[in-house]
Amino acid sequence: MTFAANDITPLIGARIETDKATLVSGGRAQEIRDLLERRGVLVFPKIDLTDEEQLAFARTLGEIVPQGEKGIYKVSLDTKVTPTADYLRGTVLWHFDGWADDVPARGSILSGRVLSPVGGQTEFANTYAAWDALPEEKKRAVESLKAFHTMEGTQRGVFTNPSDEMRADWARYPAKLHPLVWTHRSGRKSLLLGSSTDWIDGMDKEAGRALIAELQAWATQPQFVYRHEWQVGDMVIWDNCGSLHRVEPYPADSGWRMHRVTLVGEEPIA
Ligand SMILES: [Fe+2]
């Protein structure tokens, strides 16, 4: 039963050396949950879990979202593998999952199954660290703002010339208002923005979008970011409540495929 955790960079990421039995037994579950909140993303190099082991491990951390086949969602841009693949094109933009929810997913556990010869690496940005490092004056200026999140926001950056049909599809999803800064039950704060963040409540739309772009550029500076270069068998967990993620573009026909298990959210955005 080995277990060793080491920080990857000062502000984000921990690499965990352990074995399957330790993960599946749940013996380190609380420690892993604590590390996830503190470090934003946890990497288990070449741990090589099967779907069943990944699900068993996930259940030691919390309740899992019923999605895909028995809880395993295959992330792929190939519509033969994942019928909803077209929506996943937006995942090349910085985002968090579940912008339309009051209680977004706690996090997701991703296993690398098939890699692409080009692209397909995943990046994570720590939005707690980004908030903490903001100049005080900026914190005061943005801490009470609220922003509307939209489906159009998540798609506009990749479909720059959308058809009327696409626009109509995006408009089926109601806009969702969230605070720009999430004050967690722990007392810690994180910036809450991503591709879904479309405009700021009560602000001129263009001025609001400029502020969103400025804050997103701030939050995704290199010191807050970890880029994972996948090897088959790697497993990564990210804290969806305190980080952003994106995938580097990869060809849809490359076979790139990750198996994801998602943990049910535990805390309403506030
Ligand atoms: Fe995502």
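What counts as what
- Residues numbered from 1 in each chain as written.
- Predicted model: local features only at pLDDT ≥ 70, side-chain atom pairs only at ≥ 80, totals over all residues.
- Heavy atoms only, no water.
- Donors = N, O, S within 2.8 Å, 3.2 Å for Na, K, Ca; no water.
- 1 Å grid on protein atoms, 1.4 Å probe; cavity = no way out; pocket = protein on both sides within 12 Å on 5 of 7 lines; lining within 4 Å.
- Points joined across faces, edges and corners; volume = space filled by probe spheres on them.
- Helix = DSSP H or I, 4+ residues; strand = E, 2+ residues; numbered from the N terminus.
- Buried < 20%, exposed > 50% of the residue type's maximum accessible area, 1.4 Å probe, protein only.
- Nonpolar A, V, L, I, M, F, W, Y, C, P; charged D, E, K, R; others polar.
- Arc of directions from axis to C-beta.
- Contact = heavy atoms within 4.5 Å.

Engineer: Whenever I open this one, the coordination of the iron ion confuses me. Can you help?
Structural biologist: Four donors placed tetrahedrally about a metal ideally form angles of 109.5 degrees, and six donors placed octahedrally ideally form angles of 90 or 180 degrees. The coordination sphere of the iron ion, as far as protein atoms go, consists of H95 (NE2), D97 (OD) and H245 (NE2), spread over 2.1 to 2.2 Å. Counting gaps between the donor residues of the iron ion yields the pattern H-x1-D-x147-H.

Engineer: Would you take a moment to explain empty space enclosed by the protein for this structure?
Structural biologist: With a probe scaled to a water molecule rolled over the atoms, the places where space remains empty come into view. The tally for this structure, following the rule as stated, stands at 1 cavity of 30 Å³ or more. Considered as a void within the structure, the largest cavity measures approximately 50 Å³ in volume. F96, T127, W182, S190, L191, L192, L193, N240, C241, G242, S243 and L244 together form the lining of the largest cavity.

Engineer: Would you take a moment to explain unusual backbone geometry for this structure?
Structural biologist: Excluding glycine, a negative phi dihedral is what most residues carry, and trans is how most peptide bonds are arranged. Positive phi, normally seen in glycine, also occurs at K46, with a value near 45°. One can find K46 in the loop between β3 (41-44) and α3 (51-61). For D48, which is not a glycine, the phi torsion comes out positive at approximately 60°. Looking at where D48 falls in the secondary structure, it is placed in the loop between β3 and α3. Taking relative accessible area as the criterion, D48 reaches 49% and is therefore assigned partly exposed.

Engineer: How should I be thinking about the layout of surface pockets in this particular structure?
Structural biologist: In this structure, the largest pocket spans a volume of roughly 900 Å³. Lining the largest pocket are 36 residues, and of these L88, T91, D97, G98 and R260 lie nearest its centre. The set of elements that each furnish at least two residues to the lining of the largest pocket consists of β4 (73-75), α4 (85-88), β5 (107-114), α7 (151-156), β14 (243-247) and β15 (257-263). Along the lines of polarity and charge, the residues of the lining of the largest pocket split into 17 nonpolar, 15 polar and 4 charged.

Engineer: Teacher, can you tell me more about α3 here?
Structural biologist: The periodicity of an α-helix, 3.6 residues per turn, causes residues three or four places apart in sequence to face the same way. Among all positions in α3, only Q54, L55, F57, A58 and L61 are buried. Buried residues in α3, looked at end-on, bunch into an arc of 165°, giving them a common side. Facing away from the buried side of α3, by more than 90 degrees, are the exposed residues E52 and R59. Lining the buried residues of α3 we find α1 (20-25), α2 (29-39), β3, β5, β13 (235-239) and β15.

By themselves, these figures tell us nothing about what the structure is for.
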